[in-house]
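Take a look at the letters that make up each chain.
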Amino acid sequence: MAEIRQVQITFDCAEPERLARFWCEVLGYTVVPPEGYGSWDDFNRERFPDGDGAWCSASDPTGAGPRLFFQRVPESKAVKNRVHLDVRVGTGLTGEERLAALEAECARLIPLGATRQRLLYDGTDSCVVMQDIEGNEFCLD
């Protein structure tokens, strides 16, 4: 059996670079163009001169987190995600302390274009369900 060394998470989307930059702000990632190119725009113009293709990626500068890859698709998002990201901002916290950390992160992300959907809170554990700028669900956990 092959050993898995890396995981990439791919997003189908309408605006790859815009969505990549949103997630860079959320996670502290950076947009890294393909090797040999100054930008993803340069790469996309060369690969797709008719303008049909567009890709972008976001990478963890520490190398610890997975690469996020964004690819333009013609269809829009229609239903709830089957897979979503959990942005772990409350790890090790409980109760009101955890809730405060999640609320602070939620307040930071809303001006970036994120949308708050709902709070799940049972008095001890909590999670804030959010959507990114293209409507993809994610959780502040």
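Use the structure listed above.
I will try to describe carefully the structure that is included in this document. Counting of residues starts from 1 at the beginning of each chain's written sequence and follows it residue by residue. Restriction of local features to residues with pLDDT of at least 70 applies here, the model being predicted, together with a cutoff of 80 or more for giving and counting side-chain atom pairs; totals for whole chains, interfaces and linings are based on all residues. Heavy atoms throughout the structure, all of them, feed into the side-chain values; hydrogens and water do not.

### Things to note about the overall build of the protein chain
In step 1: In this text, helices come from DSSP runs of H or I with a minimum length of four residues, and strands from runs of E with a minimum of two, each type numbered from the N-terminal end. Scanning the protein chain from terminus to terminus reveals three helices and eight strands.
In step 2: The helix and strand sequence of the protein chain, counted from the amino end, reads β-α-β-α-β-β-β-α-β-β-β.
In step 3: Based on the C-alpha atoms only, the size of the protein chain along its principal axes is roughly 55 × 35 × 30 Å.
In step 4: Three exposure classes are used, based on accessible area relative to the maximum for each residue type with a 1.4 Å probe and protein chains only: buried under 20%, partly exposed in between, and exposed over 50%. Taken across its 141 residues, the protein chain has 37% of its residues classed as buried.
In step 5: Any two residues having at least one pair of non-hydrogen atoms within 4.5 Å are treated as being in contact. A separation threshold of at least 6 residues defines the contact pool for the protein chain, and within that pool the share at least 24 residues apart is 57%.

### Focus on the pattern of salt bridges
In step 1: By convention in these notes, a salt bridge is any Lys or Arg side-chain nitrogen within 4 Å of a carboxyl oxygen on Asp or Glu. What the rule picks out here adds up to nine salt bridges.
In step 2: Residue Arg 88 pairs with Asp 141 through a salt bridge whose shortest N-O separation is 2.8 Å. With Arg 88 in the loop between β5 (85-87) and α3 (95-109) and Asp 141 in the segment after β8 (137-140), the pair connects residues that are 53 residues apart, well separated along the chain.
In step 3: Among the residues examined, Asp 141 registers a relative accessible area of 17% and is labelled buried.
In step 4: Each of the salt bridges in this network shares a partner with another, and the network as a whole consists of Arg 88, Arg 98, Asp 125 and Asp 141.

### Brief notes about α3
In step 1: Under the 1.5 Å per step criterion, the end-to-end length of α3 is 21 Å for 15 residues, consistent within 8% with the ideal 21 Å.
In step 2: The complete set of buried residues in α3 reads Gly 95, Arg 98, Leu 99, Leu 102, Glu 105, Cys 106 and Leu 109. Viewed end-on, α3 has its buried residues packed into an arc of 130°, placing them on one side of the element. Every exposed residue of α3 that faces more than 90 degrees away from the buried side is listed here: Glu 96 and Glu 97.
In step 3: The inward-facing, buried residues of α3 abut α1 (16-27), β6 (115-121), β7 (126-131) and β8. A helix is expected to span 1.5 Å multiplied by its residue count minus one. The reported arc concerns the directions from the helix axis to the C-beta atoms and nothing else.

### As for the pairing of strand β4 (residues 67-72)
A regular strand places its side chains on the two faces of the sheet in alternate fashion.
In step 1: Paired strands are those between which DSSP finds at least two bridges. As defined by bridge partners, strand β1 (residues 8-13) adjoins β4 across six bridges and the pair is classed as parallel. Bridge pairing in β4 links Ile 9 to Leu 68.
In step 2: Inspection of the sheet shows strand β3 (residues 55-59) paired to β4 by four bridges, in the antiparallel sense. Among the inter-strand pairings, Cys 56 is bridged to a residue of β4, identified as Phe 70.

### A short note on the nonpolar core
In step 1: Leu 19, Phe 22, Trp 23, Phe 70, Met 130, Phe 138 and Leu 140 are the most contacted members of the largest nonpolar core, which has 27 residues in total.
In step 2: Ranked by residues supplied to this core, first place goes to α1 with six residues.
In step 3: Those residues in contact with Phe 22 that sit more than four places away from it in its chain are Leu 112, Gly 113, Ala 114, Asp 132, Ile 133 and Phe 138. Within this scheme, the nonpolar core is defined by two criteria: the residues are buried Ala, Val, Leu, Ile, Met, Phe, Trp, Tyr or Cys, and they are joined through side-chain atoms within 4.5 Å.

### With respect to the sheet that holds strand β2 (residues 30-31)
In step 1: Strands sit in the order β1-β4-β3-β2 across an open sheet of four strands; the sheet is mixed. Each of the sheet's edge strands pairs with one partner strand only, and the pair in question is β1 and β2.

### Focus: the packing of aromatic side chains
In step 1: Any Phe, Tyr or Trp ring, taking Trp's six-membered ring, that has another such ring centre within 6.5 Å forms a pair; planes under 30 degrees apart are called stacked, those over 60 apart edge-to-face, and the others tilted. Evaluated as defined, the whole model comprises eleven aromatic pairs.
In step 2: Note on Tyr 37 and Phe 43: the rings are 5.1 Å apart at their centroids and 85° apart in plane angle, and the pair reads as edge-to-face.
In step 3: Between Trp 55 and Phe 69, the aromatic rings sit 6.1 Å apart at their centres with planes inclined by 50°, giving tilted as the arrangement. Taken as a pair, Trp 55 in strand β3 and Phe 69 in strand β4 lie far apart in primary sequence, 14 residues in all.
In step 4: Residue classification places Trp 55 among the partly exposed residues on the basis of a relative accessible area of 27%.
In step 5: Counting every residue linked through ring pairs, the aromatic cluster contains Tyr 37, Trp 40, Phe 43, Phe 48, Trp 55 and Phe 69.

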